[in-house]
Amino acid sequence: MDNHSPIGVLDSGVGGLTVLKVLRALMPHEKFIYLGDTANTPFGVRSEEENRMLVGKMLDFMQAQGVKQVVIACNTLTMLDVNTLQPGRPFHIIGVSHVVALLRKYSKKKKIGIMATPFTINSEVHKKEIHSYEPEIQVFGQACPKLVPLIEARQFDGPEMEEAIREYTEPLKQAGVDIVALSCTHYPLIKNKIEKALGPEVIVLDPAGRTASNAHIQLHKMGMASHSGEGSLTICFTSDLERCKCLAKCLLPDEGCEYKLVKL
Ligand code: DGL
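All values derive from a computational prediction rather than experimental measurement.

Caption draft 1: Layout of the environment of Ile112. On the secondary structure map, Ile112 appears in strand E5 (residues 111-116). Classification of Ile112 as buried rests on a relative accessible area of 0%. In this structure the C-alpha to C-alpha distance between Ile112 and Ala181, which are 69 residues apart in sequence, comes to 8.0 Å. When near neighbours in sequence (up to four residues on either side) are disregarded, Ile112 contacts Leu103, Arg104, Ser107, Ile130, Ile137, Gln138, Val139, Phe140, Val177 and Ile179.

This is the structure in structure tokens:
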């Protein structure tokens, strides 16, 4: 393994592509291997035991590719605590940023909303971290179980999506939050719809930028960043390659990108 080894990026499906896009812009000389476990999506309604088993297989896949770093571009898997996934792995693992510092900084009303999968909301990780700094902040977690299946099915514009967004944003509006974190990497794909539903007074925060810069900083600290040569991208899914390819192509127009169907 050396500076020119690839970086692995993983998620349950197409959501992690929203993080991959920022990673690529930030680190143009790196080779990226993306893995979306579409055969097992969604992760956000599974048990901890199932998610640990699934992420273990994905990390085995990345290990076989000789990666130098893995970015877990999935909040649900990040809730498992990346420190517990690290032992025995020759590469460094980093998860999605909880963006707690940004949420605290920008919430003037001290009322913060978190939109995420049921698994992430039930873990209460964001709430506990925010309260460890400022116990007086009110945190409203909103589980949004319908969103990932709709996004994976590319049902962006139907009445189901509209209804689901209304159902999940209404309680946050009622609570009077002034900032909402999109703590599921699928949700930035419908960020404009969520913003519209929440109204102009509410800031909608995508943790992708902070996550990508954390990954960049970590690589530099390890002396493993690549500063020369052409970057590349391989995108792997475990099922429905054609459907996923369409979504990936919209998000990451890149002629040089290679697509693969893989088995874990
Ligand atoms: N995109 C993922 C996340 O950030 C996983 C969603 C799911 O599979 O339920 O949580």
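Next, the rest of the story.
Caption draft 2: Structural detail: the packing of aromatic side chains. Under the defined criterion, the tally for this structure stands at 1 aromatic pair. With centroids separated by 6.1 Å and ring planes inclined at 65 degrees, the aromatic side chains of Tyr34 and Phe237 adopt a geometry described as edge-to-face. Of the two residues, Tyr34 is situated in strand E2 (residues 31-36) and Phe237 in strand E9 (residues 232-237); the sequence distance between them amounts to 203 residues. Classification of Tyr34 as buried rests on a relative accessible area of 0%. Here Phe237 falls in the buried class, since its relative accessible area comes to 0%.

Caption draft 3: Just the site of the ligand, in detail. With respect to spatial proximity, 14 residues lie near the ligand, and among them Ser12, Phe43, Gly44, Thr76 and His186 are the closest. At 2.8 Å from a nitrogen atom of the ligand is found a side-chain nitrogen or oxygen belonging to Thr185. Taken by itself the ligand offers 300 Å² of open surface, and the protein chains cover 99% of this. A breakdown of the residues in the shell around the ligand according to their chemical character gives 5 nonpolar, 8 polar and 1 charged.

Caption draft 4: Focus on the sheet that holds E5. The 4 strands are arranged E6-E5-E7-E8 in an open sheet whose pairing can be described as parallel. Whereas interior strands pair on both sides, the edge strands pair on one side only; in this sheet they are strand E6 (138-143) and strand E8 (203-205). Neighbour to neighbour, the strand axes of the sheet diverge by 20 degrees on average, direction disregarded. Across the sheet, helix H9 (residues 159-175) lies against E5, E6 and strand E7 (179-182), angled at about 170 degrees from E6, the strand it touches most.

Caption draft 5: Local environment of the nonpolar core. The biggest cluster of nonpolar side chains holds 53 residues, and the ones touching the most others in it are Leu17, Leu20, Leu23, Met115, Leu147, Tyr187 and Ile235. When residues of this core are assigned to their parent elements, the largest contribution, 6 residues, is made by H9. The contact partners of Tyr187, leaving out residues within four places of it in the chain, are Met115, Ala116, Thr117, Cys144, Leu147, Val148, Ile151, Leu182 and Ile194. Listed in part, the 24 residues of the second largest apolar core include Leu10, Val67, Cys74 and Phe91.

Caption draft 6: Local environment of the sheet that holds strand E3 (residues 69-72). Sheet architecture is open: 6 strands sit in the order E4-E3-E1-E2-E9-E10, paired in parallel fashion. In the strand order of this sheet, the two ends are held by strand E4 (92-94) and strand E10 (258-261), each with one partner. Strand-to-strand twist of the sheet, defined as the mean angle between neighbouring strand axes without regard to direction, takes the value 20 degrees. Here 4 bridges tie strand E1 (residues 7-11) to E3, and the two strands are oriented parallel to one another. In the strand pairing of E3, Gly8 is matched with Val70. Helix H2 (residues 48-64) rests against E1, E2, E3, E4 and E9 of the sheet, and its axis sits at about 155 degrees to E1.

What counts, and at which threshold
- Residues numbered from 1 in each chain as written.
- Predicted model: local features only at pLDDT ≥ 70, side-chain atom pairs only at ≥ 80, totals over all residues.
- Heavy atoms only, no water.
- Helix = DSSP H or I, 4+ residues; strand = E, 2+ residues; numbered from the N terminus.
- Buried < 20%, exposed > 50% of the residue type's maximum accessible area, 1.4 Å probe, protein only.
- Contact = heavy atoms within 4.5 Å.
- Phe/Tyr/Trp six-rings, centres within 6.5 Å; stacked < 30°, edge-to-face > 60°.
- Near = heavy atom within 4 Å.
- Polar contact = N/O pair within 3.5 Å; in protein donor to acceptor, adjacent residues only side chain to side chain.
- Areas by Shrake-Rupley, 256 points an atom, 1.4 Å probe, with all protein chains shown as cover.
- Nonpolar A, V, L, I, M, F, W, Y, C, P; charged D, E, K, R; others polar.
- Pairing = 2+ DSSP bridges.
- Axes fitted to C-alpha atoms, helices over the stretch in contact; angles between N-to-C directions.
- Core = buried A, V, L, I, M, F, W, Y, C linked by side-chain atoms within 4.5 Å.

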